[in-house]
Amino acid sequence: MIKRKNTKNKKKQSNFAKLSIFQNNKFKFKKSCPLSVKGAPIVDYKNIKLLKKYISENGKILPSRITNISQKKQRELSLSIKRARNLALI
Amino acid sequence: MNLYEHTIVVKQDISPGQIEKLTEKYSKIVEKNDGNIVQTQNWGLLNLSYIIKKNKKANYIHFKIKANGKIIKELEKNESIDQNLLRYMTVKVKKFDLETNYFSKNDEIGKKEYNKN
């Protein structure tokens, strides 16, 4: 009896491992873009508080794969960050 | 007619009287050429994030202009000569956001946070 239980457990683990490799998206917690939700703040070069969230300590723009921002909003962000840099706001 | 947002960065060691003169000077240029100034905002003295021409702080003035593109050329021509200015920038927008002033609000919020600490 004990042996059987062990084998069952092993099978379950192996299955789960396979799933996690091939069906990554289903099981990973996928965040949605924080800026394209309803009621999200408008991306603007004057809104420094918002822009400061999306730059690193050295002032570099963070990649969208870390911040989970949609492609469209990322383009807007990078443009407005560059504008704010030009005015020495960031 | 297009909508533009125009910001000027003025040197720090200039008196507030002179700042008013500057704003008048540039708003006159716009109005002479059939332009319309919808709103002017004075953001006040802000810290620059990096030094520009040995200045650590600067005054910011923000215009919202409804005008033709030629006027912007005329404005920037005058501003590029002006020695009191450090930077200027114009951005073409589709809609004006007249209600929010990020910089006046930021001051109030910042002060509150400091008081808590």
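Attention here is on the structure that accompanies the text. Computed from a prediction, not measured in an experiment: that's the story for all the values here.

## Some points on the overall build of chain B
Here is step 1 of the chain: Per the secondary structure count, chain B includes three helices and four strands.
Here is step 2 of the chain: Listing each helix as α and each strand as β along chain B from the N terminus yields β-α-β-β-α-β-α.
Here is step 3 of the chain: Classification of the 117 residues of chain B by burial places 18% in the buried group.
Here is step 4 of the chain: Residue pairs at least 24 apart in sequence account for 75% of intrachain contacts in chain B once pairs closer than 6 positions are excluded.

## A look at the overall build of chain A
Here is step 1 of the chain: When helices and strands are counted, chain A shows five helices and zero strands.
Here is step 2 of the chain: N-terminal to C-terminal, the α/β element order of chain A is α-α-α-α-α.
Here is step 3 of the chain: Taking all 90 residues of chain A together, the buried fraction comes to 16%.
Here is step 4 of the chain: In chain A, once contacts between residues fewer than 6 apart in sequence are set aside, the share between residues at least 24 apart is 57%.

## Some words on helix α1 (residues 16-32) of chain B
Here is step 1 of the chain: An ideal rise of 1.5 Å per residue puts 24 Å on 17 residues; α1(B) measures up with 24 Å between its terminal C-alpha atoms.
Here is step 2 of the chain: Just beyond α1(B), the residue with positive phi is B:D34, at close to 65 degrees.

## Overview of the interface of chain A and chain B
Here is step 1 of the chain: With 10 residues of chain A at the contact, the number on the chain B side is 11 residues.
Here is step 2 of the chain: Elements represented by at least two residues in the side of chain A that touches chain B include exactly α3 (48-53) and α5 (71-86) of chain A.
Here is step 3 of the chain: Of the residues assigned to the side of chain A that touches chain B, the class counts are five nonpolar, two polar and three charged.

## Some thoughts on the sheet that holds strand β1 (residues 2-11) of chain B
Residue and element names in this part refer to chain B.
Here is step 1 of the chain: With respect to topology, four strands assemble into an open sheet ordered β2-β3-β1-β4, the strand pairing being antiparallel. Every other strand in the sheet has two partners, leaving β2 (36-52) and β4 (85-93) as the edge strands with one partner each. Ignoring strand direction, the axes of neighbouring strands in this sheet form an average angle of 20 degrees.
Here is step 2 of the chain: Of the pairings in the sheet, the one linking β1 to strand β3 (residues 55-67) comprises 10 bridges and is antiparallel in character. Residue pairing for β3: V10 is matched across the bridge by N59.
Here is step 3 of the chain: Relative to β2, α1 is tilted by about 130 degrees, and along the sheet it contacts β1, β2 and β3.
Here is step 4 of the chain: Where helix α2 (residues 69-81) meets the sheet, its contacts fall on β1, β3 and β4, and the angle it forms with β4 comes to roughly 170 degrees.

## Considerations on the packing of α1(B) against α2(B)
Residue and element names in this part refer to chain B.
Here is step 1 of the chain: At a closest axis distance of 10 Å, the pairing of α1 and α2 adopts a crossing angle of 150 degrees. Taken together, the axes of α1 and α2 lie roughly antiparallel to each other. Judged by the twist between their axes, the crossing of α1 over α2 is right-handed. Along its contact with α1, which presents Y26, I29 and V30, the element α2 presents I71, E74, L75 and N78.
Here is step 2 of the chain: Tallied by class, residues from the contact of α1 with α2 come to five nonpolar, one polar and one charged.

## Some remarks on the pairing of β2(B)
Here is step 1 of the chain: The pairing of β2(B) with β3(B) spans 11 bridges and is classified as antiparallel. Residue B:G44 lies in a different strand from β3(B), and its bridge partner there is B:Y60.

## Let's talk about unusual backbone geometry
Here is step 1 of the chain: With phi around 60 degrees, A:A88 is a residue other than glycine that occupies positive phi space.
Here is step 2 of the chain: Examined against the element boundaries, A:A88 turns out to sit in the segment after α5.
Here is step 3 of the chain: Within the chain, B:K53 stands out as a residue other than glycine whose phi angle is a positive 50 degrees.
Here is step 4 of the chain: In this structure, B:K53 sits in the loop between β2 and β3.
Here is step 5 of the chain: Classification of B:K53 by C-beta neighbours within 10 Å gives exposed; the count is 8.

What counts, and where the lines are drawn
Residues numbered from 1 in each chain as written. Chains lettered and ligands numbered in written order. Predicted model: local features only at pLDDT ≥ 70, side-chain atom pairs only at ≥ 80, totals over all residues. Helix = DSSP H or I, 4+ residues; strand = E, 2+ residues; numbered from the N terminus. Buried ≥ 20, exposed ≤ 12 C-beta atoms within 10 Å, placed from the backbone. Contact = placed C-beta atoms within 7 Å. Expected span 1.5 Å × (residues − 1). Nonpolar A, V, L, I, M, F, W, Y, C, P; charged D, E, K, R; others polar. Pairing = 2+ DSSP bridges. Axes fitted to C-alpha atoms, helices over the stretch in contact; angles between N-to-C directions. Parallel < 35°, antiparallel > 145°, perpendicular 65-115°, else oblique. Left-handed = near helix turned anticlockwise from the far one by under 90°.

Any link to function would need more than the numbers given here.
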